[in-house]
Amino acid sequence: MRVAVIGAGIIGVTTAYELSHEGHEVTVFERRGSVAAETSFANAGVVAPGYVTPWAAPGMPGKVLRHLFSKHSPVRVAPTLNPATLGWMWRWWRACSTNTWQANRTNMQRLAFFSRERLHALTHRLQLDYERGQGYLVLLRTAQDLAMAKPGLKLLTELGTRFHLVDAARCREIEPGLNPETALHAGIHLEDDEVGNCREFATLMRGEAQRLGARFRFHTQVLGLEPGKAPGVVHLYSPPADSTQLVPGPDTPNHDGPHTEPMPFEPTTDRFDAVAVCAAMGSSALLRPHGLKLPLLAVHGYSVTAPVRRHDNHPDLGPRSALMDERYKVAISRLGARIRVAGSAEVGGDPVHQRADMLDTLYKVLNDWYPAAPNLNQAQRWKGARPMLPDGPPVLGASGIEGIWLNLGHGSSGWALACGSASILNDLISGRSAAIDTRGLGVERLRR
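A brief report on the enclosed structure follows. (Residues numbered from 1 in each chain as written. Predicted model: local features only at pLDDT ≥ 70, side-chain atom pairs only at ≥ 80, totals over all residues. Heavy atoms only, no water.)

1. A closer look at the sheet that holds strand β19 (residues 404-408)
Filter applied, for reference: Only when DSSP finds a minimum of two bridges between them are two strands counted as paired. Under the scheme used here, helices are H or I runs from DSSP no shorter than 4 residues and strands are E runs no shorter than 2 residues, and both carry numbers assigned from the N terminus. Throughout, an axis means a line fitted to C-alpha atoms (over the contacting stretch in the case of helices), and angles, computed between N-to-C directions, take values from 0 to 180 degrees.
One open sheet accounts for six strands, arranged β8-β2-β1-β12-β19-β18; its pairing is mixed. The sheet terminates laterally at β8 (215-217) and β18 (395-398), the two strands that pair on one side only. Sheet twist, expressed as the average angle between the axes of neighbouring strands with direction ignored, equals 20°. Two elements, strand β12 (residues 274-277) and β19, share three bridges in a ladder whose sense is parallel.

Encoded structure:
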């Protein structure tokens, strides 16, 4: 089949690879000039399936309200919210019930563990090198932090996830570069979890997809989808491949998709047997004209990436792999010769403006644990829009519109869920049953 993939983030690129490996004729459309240029550009890089859970969880509304008055809050809500954001928050609040959360958590983690298997299989088969590090250490500063983490340990046990609850001394053996002056009570060590450079992986997968025949059209804004009269035929409108006039600016305030200037030319029309929509926040504008209104919201995350200082006398400067400061929900990752601190969740914020208070939290956590490690004079600060659905899981599978398929809404877990989601969508488009149970991942749940 001729298949179009819209979006070349980590979700779109892995989808393109799987479809190309299946033998489909694949064309990828991307509004930016390269793969992984937006949400997938500078995320934490952590792959920890046991920690992939819905943001909509029992007690979360209260936690968010308490965080509003905290100096170093992991969550910030914009002072003014538009109706679309308020509607999303209402649906999120309703999804925080215990039964709904338990079902969504089970569905997400089933996908997350399968996705890690697929990631490992691809890494081994294709011999991919993407600055991978083994192990994940969750830092608990105080006994109170440990007490609050106990329910999470129970969940890990139920999942059969291998972990060790370790004392502060053992934490410092696992990560010798930890600042000895910062108080540390205990840690949760997950040896099977890992960290990797998401953007580098996406770049490598683009190369593999191209070797299989996939074509990538960058600087190309998809203007619309038109399901054809014949079953399975979809017309996709886009500007000419050599045009750059439609490189979009910032997303519109209601996050309905990219803003573009009027076109000075007639768009081209491409015909495909199927279209896989992997365009994150840009997906809503493409699907809405066909009656599919997805409650997607951009919850912005932040990161700071800097080179690790060279110190002959301190070979363990900086982290060895990945850590999470449980109190502030901030991750610190080692990516080759760089260190990245990432976290925060900004609801309803401006897509471009970087909030100083959220960056300050990242700098605080980095300074607490690795004050001498990064060369902050060369730091790169990043803010990305994570496309979140109110109940947590992504939307994966048929859209209900003839010939149009969905792989989007992964929120902050796109890297952890990408390889599994791509494999499943390829199965479905190719007419097979998915490799795992996809219960709770379909678009039908959002129409209730």
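2. Here we look at the nonpolar core
Definition in use: To form a nonpolar core, buried Ala, Val, Leu, Ile, Met, Phe, Trp, Tyr and Cys residues must be joined to one another through side-chain atoms within 4.5 Å. Remark: exposure states derive from per-residue accessible area (1.4 Å probe, protein chains only) relative to the maximum for the residue type, with buried under 20%, exposed over 50%, and partly exposed in between. Contact between two residues is taken to exist if any of their heavy atoms lie within 4.5 Å; hydrogens are not considered.
Grouped together as the largest cluster of nonpolar side chains are 46 residues, with contacts concentrated most on Val 5, Ile 10, Phe 201, Phe 216 and Trp 415. At the level of elements, β1 (2-6), α1 (10-22), β2 (25-29), α4 (98-126), α7 (198-211), β12 and α10 (414-429) are the ones that each hand at least two residues to this core. A per-element tally of this core places α10 first, with eight residues. Filtering out sequence-adjacent residues up to four positions away, Val 5 remains in contact with Gly 12, Thr 15, Ala 16, Leu 19, Val 26, Thr 27, Val 28, Phe 29, Ala 276 and Cys 278. Core analysis: the second largest hydrophobic core is formed by 27 residues, Ala 4, Val 222, Ala 385 and Ile 404 among them.

3. Notes on the pairing of strand β14 (residues 322-325)
Burial of the side chains of β14 extends over both faces: Ala 322 and Met 324 are buried on one face and Leu 323 and Asp 325 on the other. Summarising the sheet, strand β5 (residues 133-140) and β14 pair through four bridges and their orientation is parallel. Looking at the pairing, Val 138 lines up with Met 324 of β14. One ladder, built from four bridges, connects β14 with strand β15 (residues 330-335); its direction is antiparallel. Looking across to β15, one finds that Ala 322 is bridged to Ser 333.

4. Examining the sheet that holds strand β9 (residues 224-227)
In spatial order, the strands read β9-β10-β11; together these three strands make up an open sheet with antiparallel pairing. Each edge of the sheet is formed by a strand with only one pairing partner; in this case those strands are β9 and β11 (268-272). Averaged over all pairs of adjacent strands, the angle between their axes in this sheet comes to 25°, without regard to strand direction. As paired strands, β9 and strand β10 (residues 234-238) are joined by four bridges and run antiparallel to one another. For Leu 225, the partnering residue across the bridge sits in β10 and is Leu 236.

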